[in-house]
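These are the residues of each chain, in order.
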Amino acid sequence: MKIFLLGLMGSGKSFWKKELAAKLKLPAYDLDQLIEAVEEASISEIFESSGEPYFRKAEARMLRWFGEKKSFVLATGGGAPCFHENMIWMNQQGITIWLDEPVSVLVERLKNETANRPLLKQLDEKGLYQYLEKQLAERTPFYSKASIRVIGNEINLKTLLLKIKAYA
């Protein structure tokens, strides 16, 4: 079973990756962490030194590496589904799950983390809200192609497992 978690930053992809992997007894991976290991630089450093287009190509290459794996839970980066036909590829490979949290929840989770996230530096709370709303509008056409969509308060282990079982 190949499970790809997607959604905006702060939607819980890394958290649910661990929970699902433990329950389903699958290996868990984080796409951004793998890119950082291969590139020997943080995502912020990659964005600053090489730019977003370089990062998106590295992201697509790393994602395709999962085509060789039999089973896993992968937390993708928030933008991963939106570039290089990644969403189409992930849907061909396995189950894609959109963790669709409301922007207000994301702002609460992210407002103290902006320094650690390259796309959020120098944003105050209002700017963060506006930025995330814009990101959601731009990315929804990609996210909406997910095999499974779980919204806000529905996002819990029981619901995720039931939806995966029903889809698989």
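Numbering of residues starts from 1 in every chain and runs along the sequence as written. Predicted model: local features are reported for residues with pLDDT of at least 70 only, side-chain atom pairs are reported and counted for 80 or more only, and whole-chain, interface and lining totals are derived from all residues. With hydrogens and water excluded, all non-hydrogen atoms of the structure serve as input to the side-chain values.

Draft legend 1. Representation of the nonpolar core in the model. Residues grouped as a nonpolar core are buried Ala, Val, Leu, Ile, Met, Phe, Trp, Tyr and Cys residues, joined through side-chain atoms within 4.5 Å. Burial status follows relative accessibility: with a 1.4 Å probe on protein chains alone, a residue under 20% of its type maximum counts as buried, one over 50% as exposed, and anything between as partly exposed. Membership of the largest hydrophobic core comes to 33 residues, with the highest contact counts inside it found for L31, L74 and L132. The helix and strand labels rest on DSSP assignments: H or I over at least four residues marks a helix, E over at least two residues marks a strand, and numbering proceeds from the N terminus. If you list the elements that add at least two residues to this core, you get strand 1 (2–6), helix 2 (31–39), helix 3 (43–50), helix 4 (52–65), strand 3 (72–75), helix 5 (86–93), helix 6 (103–110) and helix 7 (125–143). Examining the composition of this core, we find that five residues originate from one element, helix 7, more than from any other. If you look at the next biggest cluster of nonpolar residues, it comprises 15 residues, including I3, I97, L99 and I164.

Draft legend 2. Fine view of the pattern of salt bridges. Salt bridge, as used here: a side-chain nitrogen of Lys or Arg that lies within 4 Å of a carboxyl oxygen of Asp or Glu. On inspection of all chains with the given rule, the structure shows six salt bridges. A salt bridge links E52 to R56, with the nearest nitrogen and oxygen atoms 3.0 Å apart. Pair noted here: E52 and R56 are both in helix 4, with a separation of four residues, about one helical turn. Judged by its relative accessible area of 4%, R56 is buried. Put simply, R149 and D100 hold a salt bridge, and the shortest N to O gap is 2.5 Å. Pair noted here: R149 is in strand 5 (residues 148–151) and D100 is in strand 4 (residues 95–100), with a separation of 49 residues, a long-range link. Among the residues examined, R149 registers a relative accessible area of 43% and is labelled partly exposed. Here the salt bridges share partners, and the residues they tie into one network are E52, R56 and E59.

Draft legend 3. Layout of the sheet that holds strand 4. Read from one edge of the open sheet, five strands run 2-3-1-4-5, paired in parallel fashion. The open sheet is flanked by strand 2 (28–30) and strand 5, the only strands paired with a single partner. Looking at each pair of strands side by side, their axes are set apart by 20 degrees on average, direction ignored. Where strand 1 and strand 4 come together, four bridges link them in parallel fashion. Within strand 4, the residue paired with F4 across the bridge is T96. Working rule for contacts: check all heavy atoms of both residues, and any pair within 4.5 Å makes them a contact. Between N-to-C directions, angles cover 0 to 180 degrees, with each direction set by a line fitted to C-alpha atoms, over the stretch in contact for helices. With respect to the sheet, helix 2 is in contact with strand 2 and strand 3, its orientation differing from that of strand 2 by roughly 65 degrees. Strands are treated as partners if at least two bridges between them are detected by DSSP.

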